[in-house]
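Commentary on secondary and tertiary structure
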Amino acid sequence: MTVEFICVGTEILLGSIVNTNAAYLSEKCAGLGLSCYFQTVVGDNEDRLAQVLETGMERSDIVILSGGLGPTEDDLTKEVAAKICGKELQLHQPSKKAIEKFFSDRGMEPTDNNWKQAMLPKDGIVLENPNGTAPGVIMETEKACLILLPGPPNELRPMFEESVVPYLEKLTSQVICSKTVKICGVGESKAETMVKDLIDAQENPTIATYAKTGEVHIRVTANAEDKKAAMKLIKPVVKELKNRFGNAVYSTEEECTLEKAAADLLVANDLTVTCAESCTGGLLSARLVNVPGISDVYKMGVVTYSNKAKRRLLGVKKSTLQKYGAVSVQTAEEMAKGAAGLFKADVAVAVTGIAGPDGGTEEKPVGLVYVACYVKGKAVVKEYHFAGNRDKVRESTVAAALVLLRECILEYYSAITFGK
């Protein structure tokens, strides 16, 4: 079966808000075995909304609309959809009571236009909304099934999960499941080359690579009659990818991030860690402290932006700064060692570089970055040349630092295990 999405709201067209609903609905519907070929964003205009809705009903089995179910005059989705389907709007008493309770629980009085939200298409399947005042509705017609959902993600998502998914599951005979193999320390072009034979021979499951900052994700997707059968198809492909990429694979779990993979290694091995940052200004520490449980090993970090701070706090030698400069292998290494000593940490990561847009020279251009990682007495420093604006360089630097942190910990324990 085919599904398409119509996201309603002039604010989306103007760029005032990001349309996260389309991405969410796409992923969820794909997992239900529905094929999506069209997505549309339309403003709060009756004629244009009617036009895209009629087109959608002609070419798709299911049309999911989000937004435009509010109480104001420019909220037109329900009215337009009902008109096209020849459905009369009538007061839905349970929804009216739910709206009354919503306001009462918050010590507020509803305004007259709120009752517009309780006017729903006759014979429609009403979807309760405990998180807001706009109920959703499903309208089944000879042409297509229409599903109307509120626009705010904190209302749309629970409504979709609780009410729409069970409904759609009854309509589909197959499911689509995916597993993502997350790789770091390998560039996109190299990663694709390493799996080109698998991509060329793919049928079911399929393989696709996606570039992220500092990492590559390889998504394996299978189509089958149920989730168990789909995962059975996926499993040997994931195993083969793990064999090919080895330790570069940091996770196959959707919720696992690069910083979580690094943090999990630290916590699992009871390694205390600190960060000494220059050009990233605390972004590396911020990524790490996003991970729950990191407080067990991350005690303190420091931003040493100036040369004076590098000298006074981290003990970087004045002669090092004068001879090699703040952006150098030598300074990065002394920053890492100094941070480890200052905070008595097992592991220290230091970054120094030229994020731009100014400050670069022919010898040391914008984008030049050095990352040092110290693990229990041994320091490794790597040089990077990143492209892009200031934000992109800093973001790339943080990703590189997390990759190096993970690599150094794995290498340290590999050396112990094999007596290197």
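Details of the structure are given in the entry above.
From a predicted model like this one, the values you see are computed outputs, not experimental measurements.

What follows covers the nonpolar core. Counting 38 residues, the largest nonpolar core has L266, V347, V371, C373 and L405 as the members making the most contacts within it. Secondary-structure elements contributing two or more residues to this core are α10 (258–268), β13 (273–277), α11 (283–289), β15 (347–353), β16 (368–375) and α15 (390–418). Looking at which element gives the most residues to this core, the answer is α15, with ten residues. In this structure, V181, V186, V195 and I207 belong to the second largest nonpolar core, which totals 24 residues.

Moving on to helix α5 (residues 93–105). Across its 13 residues, α5 extends 18 Å between first and last C-alpha, which sits within 8% of the 18 Å expected from 1.5 Å per residue. Taken together, the buried residues of α5 touch β5 (119–121) and β6 (125–127). In the stretch just after α5, G107 is the one whose phi turns positive, near 65°.

If you walk across this open sheet you meet the five strands as β14-β13-β15-β16-β17, and the pairing is mixed. Both outer strands of the open sheet, β14 (302–303) and β17 (378–385), are each paired with one neighbouring strand and no more. Taken together, the five bridges between β13 and β15 define a ladder with parallel strand orientation. The residue bridging C275 from the neighbouring strand is V349, located in β15. Lying over the sheet, helix α14 (residues 329–343) contacts β13, β14, β15, β16 and β17, oriented at roughly 145° with respect to β15.

Rules used throughout
Every residue gets a number counted from 1 within its own chain, in the order that chain's sequence is written. The model is predicted, so local features are restricted to residues of pLDDT at least 70 and side-chain atom pairs to those at 80 or more, both for listing and for counting; the totals for chains, interfaces and linings are taken over all residues. Excluded from the side-chain calculation are hydrogens and water; included are all heavy atoms of the structure. What is meant by a nonpolar core is a set of buried Ala, Val, Leu, Ile, Met, Phe, Trp, Tyr and Cys residues, joined one to another through side-chain atoms within 4.5 Å. Only protein chains enter the accessibility calculation, which uses a 1.4 Å probe; a residue is then buried when its area is under 20% of its type maximum, exposed when over 50%, and partly exposed in between. Numbering of helices and strands runs from the N terminus, with a helix taken as a DSSP run of H or I at least four residues long and a strand as a DSSP run of E at least two residues long. A helix's residues, less one, multiplied by 1.5 Å, set its expected span. Note on contacts: a residue pair qualifies if any of its non-hydrogen atoms lie within 4.5 Å across the two residues. Two strands pair under a simple rule: DSSP has to find at least two bridges between them. For helices, the fitted line uses only the C-alpha atoms of the stretch in contact; every axis is such a line through C-alpha atoms, and the angle between N-to-C directions lies from 0 to 180 degrees.

Geometric values such as these leave the question of function open.
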